[in-house]
Each structure stands twice: as C-alpha cells, then as structure tokens.
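Now for the letters of each chain:
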Amino acid sequence: MNPAVHADDAWFDLVPLAMLEFNEHGQVQRSNAALSRLLGHAVPPGTTLAQASPALQRLCGWDAPLTLLALGPEDGPLKGQATLPRQMGQGPGKPVNSQVWNQAQVDPARPRRYLCAIQEAQGSTSIASGQASMTIQSGADKGLNQEQLLHELSTILDSTPAGIAYMRGDVVLRCNRRFERMLGLTPGTTAGQRIDTLVTKDPRINRVMTQSTSELRSGGQYETELEIVVPGQNPRWYGLSLRRIGDSRAQLEVIAVLSDITRIRAQQAQLQALGRDRDLMFSLSGVGIAFVRDGIIQSANPALSHLIGDESGSLVGRNLTGLYATEVDTNSEPDVMSVLRSLGHWQGERALRHRRGTPLWAEVALRLVNQNRAEEGFIASFVNVDDRHRAEQNLTLQADRTRAILDSVFVGIVTLDNQGIAWMNRSARRMFAGDLADFVGQPLSTVATSDIDHPFRMTDYLEHLQDGQTHTFECQVVGRDGRVFWVVGNAVVTLGEFNQRQITYALLDIDRRRQAEAQTAEAQATLQRIIEMAPMAITLMDARTLKVVQTNQAASAFLQMDSSKALGMGPEDLFETNRARVMRDDMHASLDNGQPLHREYVVAGKAANQIWDVNYQPLHREGQAVDQLLLVATDVTEQRKAEQARLDAAIAQREMLVKEVHHRIKNNLQGVAGLLQQIAARKPEVAAVISEVVGQVQAIAQVYGLQVGAGGPLRLKNVIEAISNSVQRTFGRPISLTFEGEHVGEWLLPEAESIPIALSLNELLTNAHKHGNQATPLVCHVHSQESQVSIDIHNQGKLPEGFNLARVPGGVSGLGLVRALLPRRSSKFNLSQEGEHVLTHIELTPPGIHLPQIPHASGAASGHQIALWPQ
C-alpha cells in the first residue's frame, strides 16, 4: 500500500477535527469518530447529503451552490474549477471562517472526492463554526498523484489545531508545525530525527514513549494525558493519542496526535470547584433543603435532618409525605402537587413530624426544577416557624382567656368598633338585661337616657384621646328591662389590628359603689381597732408639720415614751438630734416623691443593737395633695439574727458540699487517668494518644484538687505549680519553675477560666517535652506585672520551617486545643525561635485573671439606709 495513503487512513481516524469525505454527488465515503461526537450520531458510508440530517447539511453547506477554484501548488497556475454547495460556515447570521483547497490538475471527466474538516471555535458551542474543504482524486489516481496528495495532506495538517506526527521506529518521518510548537521545537527541524534526541530535555515525554511501546505492539493504540513545559511559556496539558499502523513487526509505524486540553482541564477544575462550593453551601445552609423526584427525596442537607431531629438517619430514599404530621397538617397533598404543577411553585406552612413525637411547624416552599417538565422533580425548602406558629396560637388562646377573665369580673366591659358594640362581658349583659346578640352592631347610645349631652351620645371627648388614654364619667343608663340606674365608667381608646381605633368602656353600678363605701367605712372602723391591737408601731403624722396625729400602743417602744404623750410632738421632740434629722429627711423624701419609702434603722442599746424596719406611706384623697404621712415600724432584731444564722448555715453547708463534690470529681478523674494508663500499657499502638488524654484528665483533676481546699477563686500560682508537677511526674522530666514580680502569688482565676487555662498549660508543657531535647530540663518562668501575668516556657528545639501559629487549625489536642481554650479577649499566645530554643509566650490580662478586691465598708444593706444611734 502507498505509504502516504497508509498514513492518511491512520490520521483520518485520530485527528481531533470532525472529518467527512464525500464525492461530487454528495455521497459520504467515510467519516471519523470526532464527527460522530459533534453530531451526536454516526454517519454511515453511502449516506447522501441531500437526505442527511439538517445539522450535517449545515456543516457541509449542501443547501446552496458554491464555485470552488482549482488551486495548484504554491506559485502554480490556475488549472480548473468545480461546483460545490455554497461556502461552508457562511450560513445565515454566521461569519465566514473557512478555507478551501482543490487538487491541482483537475480533470473534469474524472470523478472527484471532497474532504470537509470542521473545527469547533474556541469558546463557542455552535457547530460548523469553522470549516475547511478540499477535493481529492479518486482512488485510481492516488498512486499517480502522490506528491500532490502529500502536499494537500500537509496543508490540512498544518491548519489543524492538533499536533500530528508520523513515526517509524524511533524516527519522526513527518509532522506538522503545530506538533513542533507544542513540544517547543524549532519548526521544520523535526523530520528525520530520532525521537529520543528531541525529547531528552523532557524526561516525561520520553517515559510516556517508553511505556507506550509495549501497548502499541499488543493493542495497537495508546492514549494518555501529560503536562508539557516549553521554556518561556506557561505549562500546558495535552492529550496524546498513539496509533499503530501497518503490519511491520521489525519497526513500529505510529501516528501521534497531540491535542491541547488545557482549557478543558481548566473547565473541569472550575466545574469541580463549583460542585464543591455548591455542596458546601448545601451542607452549611441553616434552611432545610431537599431535592424530590416522584415523591422520593433524592438528596437533603443536614439542616433538614436537624430540623426534624433525625441527626443520625439519612433522608435519601424516604417519601416526602412521610415527613409531614398528617394528623395536624390540614394541607391536602394532591392539592399541593396540583398547584405546584400548574404554577411551578407552592408556599405555605406545614406540620413536620419531629423525632420527639410532637409536630413542628415550618414554612415550606416548593419550586419545580423545570417549569415545563414537572417529572424532573422539585426543590423543597423548610424554615422553622414553630415558635411563631405557637405564639399565634398562644395569642388566640390568651385572647380567649382574657375574655373569660373579663366575664368573671363585676365591672361591665363593653368593646366598640366601627360598626358599634362588638363584645360585652357577662356583667355588662346582666347590667343591661340582655344577651350579646341583642347588642352586637348597635351604638352604645341604645342604653342611654334621653339626655342630649349623654356621654354615650356626645362622644367628642374620644377624639382627643390617644392610644391608652382614658376618660372618666358618670351617667344614667337604661336597661332593656326598663331599669334606670347610675354608673361610673372609664372610656379607653386602643389601637387594634391595622391601627383601627377601638373603644372599651368599663362601667360600674354606683349602687354597688355606695354599698362599697358603706363597707369601706365599716372596714375603716375595723382597721382602727386592728391598728390599736397590732404588734407593730403605727403612727400617723401631719404632712406639713410632721407632728404626731395618731398612734397605737405598740409605738411606745419605737418612740421611747408613752404613745399617748407623743400626740402633737415632732421628730425633734421625740428623738435625739441626729436621729431626728435623719428621720425628718426620710419623711420629706417620701412626701416629695409621693411614693412609699422603706428604711432600716439600727439603734444602739445598752445590751445589744436594736433593728427597726420602718415604712413611710404618704396618704391623700383622690385628686388632692398629700395631707398625712403613715409610719409603720417593726422590731426585726430577732428576725435579722435568725436570717443571718440561716444564711451562715447555708453558706457553710454549700461550701462543705462543694468541697466534697470537688474531692470526688478529683478522685474519679484520677481513676479515669489510671484506667487509661492501663489501656495504654496493654495497647502500645495507642499509647501516645492516650498519654495526651491522661495529661489533660490529670490537669483537670489538679484544678479540682486545688478547689477542695480553696474558699473561692483559685490562685494562678497554685494552678501553674500543680500542672508543672503533674507533667513532671507523667514524663519524668524536671521542670525549672520560677516566679517573680509584685503580687505574683495573688493573681486569681475565675471559676470559668481555671480548667481551660490549666488544660492550655498542660498542653504547652507536654508539647515542649515531646518536641524538644528531652535530655535538658524545661524552663517555665512566670512574671507578674501591674496589669498582667506573662508565662514563658523555654525548651531546646527548633520550629518547622515557615511555621505560622495563625495557620494552625483548631483541634482537641496540641496547639489547636490551646488556641481554642485560651480566652480571646484576655490572653495572647505566641511561639518563636530564639537561637537553639523555642519560646512559648503567654500573656494573661483581666478579666481572665484578677487580683483580690479589698472589701469596703458600706452604710447600706439591701438598698436601705442603716443609721446607728445611741438610745
């Protein structure tokens, strides 16, 4: 077989361009795999272009005639012409992007064949974006026109974006310029050279060629992807396809095709990154999201599992309707699906079945993936609105409860809206002698008398009332039974839903008030008798002069004289100077504010102090100024002593219980550490990990051990010493511990920070031991300053090259645990290399630590003034 024709058959199948060969009658002679991939189907030989698919006709431009000029070799004369369909790639709305070749020496009497090469344009998804065509002679003339065929073959190969080479053995016989540029070789210098000479500078290509030899001998084809770096250019990825041709057993004849796949790999990387970002957003979203097809959940994010309380189970494969609590949810599933299919979306509130057995309300939004194809499924999102739903239910229930309460009161309550009476409580219905249905929608003037200025008829006063303001009135009303009676009432204006004004009347029958006044007079007389017999000191004073107007017998002990002799006397007449001045100031303060005032006075006695609990209450009639001041005093000396004794006992009991609990916790933690050490001894493969855990458990146990004997916050110095001793005992390595600075032993740790700081110190000392020279002792230096404490740990070692503490991730051990445990606002942490030593530096500042506060004497207890006077 002719070598040129032999090579032509090989590269025709391997070239990445879509290739189609047809005769002058439009009958397909052959096509390659690239064309099948571009069209989505194969084009069998013998297919007529006039009956082919529209896509293939569009690619070949078979729908309009085009005259092709017969082009000879370079600088040669024009030999002839042929008629073909119109220029390929020049369809409606498409730019011209094609080249045309025709074989020289065309003989119109002989049949011709045409070769169409289609290249998909860079960055475009449109087919037939660029084409090339040429005519070749029939198979009978191939042997006679070998040079012209090789010329046309070289022209096609030089125009293709793929690098193509023909090799025999290890010698490159022929290649296009694109192949040379891809390998970074000088154009025109490759033919005839050995491949090992050309690729010595790139061992990767040499290795690929070596590995492919055995596969080519056995299978005849080899494909791979490799990265080629050309000096002065960015690295690019190429797809290499090697195909064996011929039957020679001595030397392999190989067609090599290099395709630039850099853009494809970049797009794949972008697609993978987009997929990771989508999965990340899908998994981190706080909204429950699920993809559903045919009613079955295809995928769901963790938020949906968390929403229904199914943390461990997978929702994939479950029926979506199984998530709903159908016994509570009133939505019909067929109706929801019908709306979804017709509108493409649905939104509403539905009850989900929570794992704890109670329904959970969620805002559910359903949206079709494809508006026109409901069978492709839909996206369902779930937002927790259970609190809001329950709040609305509670509001409705609260409104019902409020009305039930109002029905139980003796005051008549009438609510009016724009239409008239909207609601009346039971007392109002009984007052007006009718049912609610008799009054709904009627104006309130229905129960008014014939007076023109009746407050139920003349309601101008309501226009001046703001939201929450009231208006008080007295008037006569007429019941449906004809009874006329006086009522006193308040009108309150409130803003309801949508800012509508609502008026509420509270009506009280004056007859009942008169009865209440009589009862009040009787109650006052009874109260007077009770005051006389009460064990507390009760004194009534004039608000202007502060002189005693009335007092009871029990007030004698407080006034330090017979209560009957105290009438008409002021504070200066009753008490010594300092006591009288303080009490007068307190009386004026209560009168000025118009509010009750509570004080405790301590009177020094000969045997013991006496404590008096005193309350001042200004008294006045409605609408008038304060005219009297009520003083009620109680001797609470014994009561305060009993309270202090109970408090002391409770504190002592609590401290005893706390110490016992801390002691047991310490013992239990030490027991756990011992068990872990036994496990580590039996299983050496996990000894290192268990050793870290044992250190952490012992650090916590040391803190609880210190708390057993402490009466408050732990001292920082004691914690550091305990942790150092624990690490020293664990690893048997001495630790040189030094303290310096003012107040170095007085710094205290809050209870919440003691264990985190202890664990951090344990991790740092353990880390210094493991990663340093264990032959030298560790050095820990604690320095106290005015507002902070610094801890420096020195060990002989070296940090990794390029170490950056900020890039250390969080974790459950090591530096990650230290970064997570140390308080962020009150601590600083750093590691640095100082010569042959690694320095670990920690700074602790308030409020993470604090100095003990000196208690200050105060003259107040429970917010009440305490005075001390001699009797």
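Residues numbered from 1 in each chain as written. Predicted model: local features only at pLDDT ≥ 70, side-chain atom pairs only at ≥ 80, totals over all residues. Heavy atoms only, no water.

### Quick word on the overall build of the chain
A count of helical and extended segments in the chain gives 21 helices and 36 strands. Of all 871 residues assigned to the chain, the portion counted as buried reaches 39%. A separation of at least 24 residues holds for 49% of the contacts in the chain among residues at least 6 apart in sequence. Accessible surface, the chain: about 48,300 Å² in total, of which carbon and sulfur atoms supply 52%. (Helix = DSSP H or I, 4+ residues; strand = E, 2+ residues; numbered from the N terminus. Buried < 20%, exposed > 50% of the residue type's maximum accessible area, 1.4 Å probe, protein only. Contact = heavy atoms within 4.5 Å. Areas by Shrake-Rupley, 256 points an atom, 1.4 Å probe, with all protein chains shown as cover.)

### Thoughts on the sheet that holds strand E9 (residues 171-175)
Strand order in the open sheet made by the 5 strands is E9-E8-E12-E11-E10, with antiparallel pairing throughout. The sheet is open, and its two edges are formed by E9 and strand E10 (221-228), each paired on a single side. Within the sheet, the average angular offset between the axes of one strand and its neighbour, ignoring direction, is 25°. Where E10 lies against strand E11 (residues 236-245), 8 bridges are found, and the strand directions are antiparallel. In the sheet register, glutamine 221 faces E11, and the bridge partner there is arginine 243. (Pairing = 2+ DSSP bridges. Axes fitted to C-alpha atoms, helices over the stretch in contact; angles between N-to-C directions.)

### Details of the packing of helix H19 (residues 716-731) against helix H20 (residues 751-770)
Across the interface, H19 lies against H20 with an axial gap of 10 Å and an inter-helix angle of 35°. Note on packing geometry: the crossing formed by H19 with H20 is right-handed. Counting all contacts with H19, which are made through Val719, Ile720, Ile723, Ser724, Val727 and Phe731, the residues of H20 involved are Ala758, Leu761, Asn762, Leu765, Thr766, His769 and Lys770. Its residues assigned to classes, the contact of H19 with H20 comprises 8 nonpolar, 4 polar and 1 charged. (Left-handed = near helix turned anticlockwise from the far one by under 90°. Nonpolar A, V, L, I, M, F, W, Y, C, P; charged D, E, K, R; others polar.)

### Some remarks on unusual backbone geometry
Put simply, proline 846 and proline 847 share a cis peptide bond, and its omega is 5°. Positionally, proline 847 belongs in the loop between strand E34 (837-844) and strand E35 (860-861). Even without glycine at this site, glutamine 560 takes up a positive phi of about 60°. By the secondary structure assignment, glutamine 560 is in the loop between helix H14 (556-559) and helix H15 (571-574). The class of glutamine 560 is partly exposed, set by a relative accessible area of 43%. Even without being a glycine, histidine 743 presents a positive backbone phi close to 60°.

### Description of the packing of aromatic side chains
Summed over the entire model, instances satisfying the criterion amount to 6 aromatic pairs. With centroids separated by 5.6 Å and ring planes inclined at 75°, the aromatic side chains of phenylalanine 456 and tyrosine 505 adopt a geometry described as edge-to-face. Separated by 49 residues along the polypeptide, phenylalanine 456 in the loop between helix H12 (426-432) and strand E20 (470-478) and tyrosine 505 in strand E22 (residues 501-509) bring together distant segments of the chain. Members of the aromatic cluster, joined through ring pairs, are Phe456, Phe473 and Tyr505. Arginine 350 extends its terminal NZ or CZ atom over the ring of tyrosine 324, reaching a point 3.7 Å from the ring centre. Above the face of the phenylalanine 439 ring, arginine 480 is positioned so that its terminal group lies 5.9 Å from the ring centre. (Phe/Tyr/Trp six-rings, centres within 6.5 Å; stacked < 30°, edge-to-face > 60°. Lys NZ or Arg CZ within 6 Å of the ring centre and 35° of its normal.)

### Digging into the pairing of strand E1 (residues 18-23)
Of all the 6 residues making up E1, 6 are buried; the element is thus mostly covered by neighbouring parts of the structure. Neither face of E1 is left uncovered, since the one carrying Ala18, Leu20 and Phe22 and the one carrying Met19, Glu21 and Asn23 both have all their residues buried. One ladder, built from 3 bridges, connects E1 with strand E2 (residues 28-31); its direction is antiparallel. Among the inter-strand pairings, leucine 20 is bridged to a residue of E2, identified as serine 31.

### A short note on the pairing of strand E23 (residues 537-542)
Here E23 lies mainly inside the structure; 5 of its 6 residues are buried. When E23 meets strand E27 (residues 628-635), the two strands line up antiparallel, connected through 6 bridges. Directly across from leucine 540, in E27, lies its bridge partner leucine 630. Relative to strand E24 (residues 548-551), E23 runs antiparallel, the two being bridged by 3 bridges. Each bridged residue has a counterpart across the sheet, and for methionine 541 the counterpart in E24 is valine 548. Linking E23 back to E24 in an antiparallel pair, the connection comprises 5 residues, with leucine 546 at a positive phi of about 60°.

### Focus: the sheet that holds E22
Judged by pairing direction, the sheet is antiparallel, and its 5 strands sit side by side in the order E19-E18-E22-E21-E20 without closing on themselves. A strand with exactly one partner marks an edge of an open sheet, and here the two such strands are strand E19 (420-424) and E20. Neighbouring strand axes in the sheet, compared pairwise and without regard to direction, differ in orientation by 30° on average. Here strand E18 (residues 412-417) runs beside E19; their pairing, made up of 4 bridges, is antiparallel. Along E19, the bridge assignment pairs leucine 416 with isoleucine 421.

### Remarks on the confidence of the model for the chain
Looking at the chain as a whole, the pLDDT averages 76, with 75% of positions reaching at least 70. Across the chain, element-level confidence peaks in strand E16 (residues 359-368) with a mean pLDDT of 91 and bottoms out in strand E3 (residues 65-70) with 33. This model gives residues 64-108 a pLDDT under 50, and the stretch forms 108 contacts once residues within four places in sequence are excluded. (pLDDT = per-residue confidence, 0-100.)

### A look at the pattern of salt bridges
Tallying each qualifying case throughout the model produces 20 salt bridges. The salt bridge partner of arginine 178 is aspartate 260, with a shortest N-O separation of 3.8 Å. With arginine 178 in helix H5 (residues 177-182) and aspartate 260 in strand E12 (residues 253-260), this residue pair connects regions lying 82 residues apart in the sequence. Classification of arginine 178 by relative accessible area gives partly exposed; the value is 23%. (Salt bridge = Lys/Arg side-chain N within 4 Å of Asp/Glu carboxyl O.)

### A closer look at the nonpolar core
The biggest cluster of nonpolar side chains holds 34 residues, and the ones touching the most others in it are Ile791 and Phe829. The biggest single contributor to this core is H20, with 6 residues. Those residues in contact with phenylalanine 829, other than ones at most four positions away along the chain, are Leu764, Leu805, Leu815, Val818, Arg819, Leu822, Thr840, His841 and Ile842. Membership of the second largest hydrophobic core comes to 26 residues, among which are Ala566, Leu591, Leu597 and Val603. (Core = buried A, V, L, I, M, F, W, Y, C linked by side-chain atoms within 4.5 Å.)

### Observations regarding H19
Between its first and last C-alpha, H19 extends 23 Å over 16 residues, near the 22 Å set by a 1.5 Å rise per residue. Considered for burial, the residues of H19 that qualify are Leu716, Val719, Ile720, Ala722, Ile723, Ser724, Ser726 and Val727. Positive phi appears at glycine 732, one or two residues downstream of H19, with a value of about 65°. (Expected span 1.5 Å × (residues − 1).)

### Observations regarding the environment of valine 549
Looking at the element boundaries, valine 549 is found in strand E24. Given the relative accessible area of 44%, valine 549 is considered partly exposed. It is 9.6 Å that separates the C-alpha atoms of valine 549 and leucine 629, two residues lying 80 residues apart in sequence. Once you skip the residues sitting within four places of it in the chain, valine 549 turns out to touch Leu540, Met541, Asp542 and Leu567.

### Looking at the environment of leucine 559
Tracing the sequence through the fold places leucine 559 in helix H14. Classification of leucine 559 as buried rests on a relative accessible area of 1%. Expressed as a C-alpha distance, the spacing of leucine 559 and leucine 574, which sit 15 residues apart in the sequence, is 6.4 Å. Setting aside its immediate chain neighbours within four residues, leucine 559 contacts Thr551, Ala566, Leu574 and Phe575.

### Topic: the packing of H20 against helix H21 (residues 814-821)
A packed helix pair is summarised by two numbers, namely the angle formed by the two axes and the spacing between the axes. For the pair H20 and H21, interaxial distance at closest approach is 9 Å and the crossing angle is 155°. Taken together, H20 and H21 sit at an angle that is classed as roughly antiparallel. Classified by chirality, the crossing of H21 by H20 is left-handed. The segment H20 lies against H21, with Pro756, Leu759, Ser760, Glu763, Leu764 and Asn767 engaging Gly814, Leu815, Leu817, Val818 and Leu821. Here the contact of H20 with H21 is built from residues that sort into 7 nonpolar, 3 polar and 1 charged. (Parallel < 35°, antiparallel > 145°, perpendicular 65-115°, else oblique.)

### Brief notes about the side chain of aspartate 386
Counting through the fold element by element, aspartate 386 comes out in helix H11 (residues 386-408). Beyond its immediate stretch of four places on either side in the chain, aspartate 386 contacts Pro359, Leu360 and Trp361.

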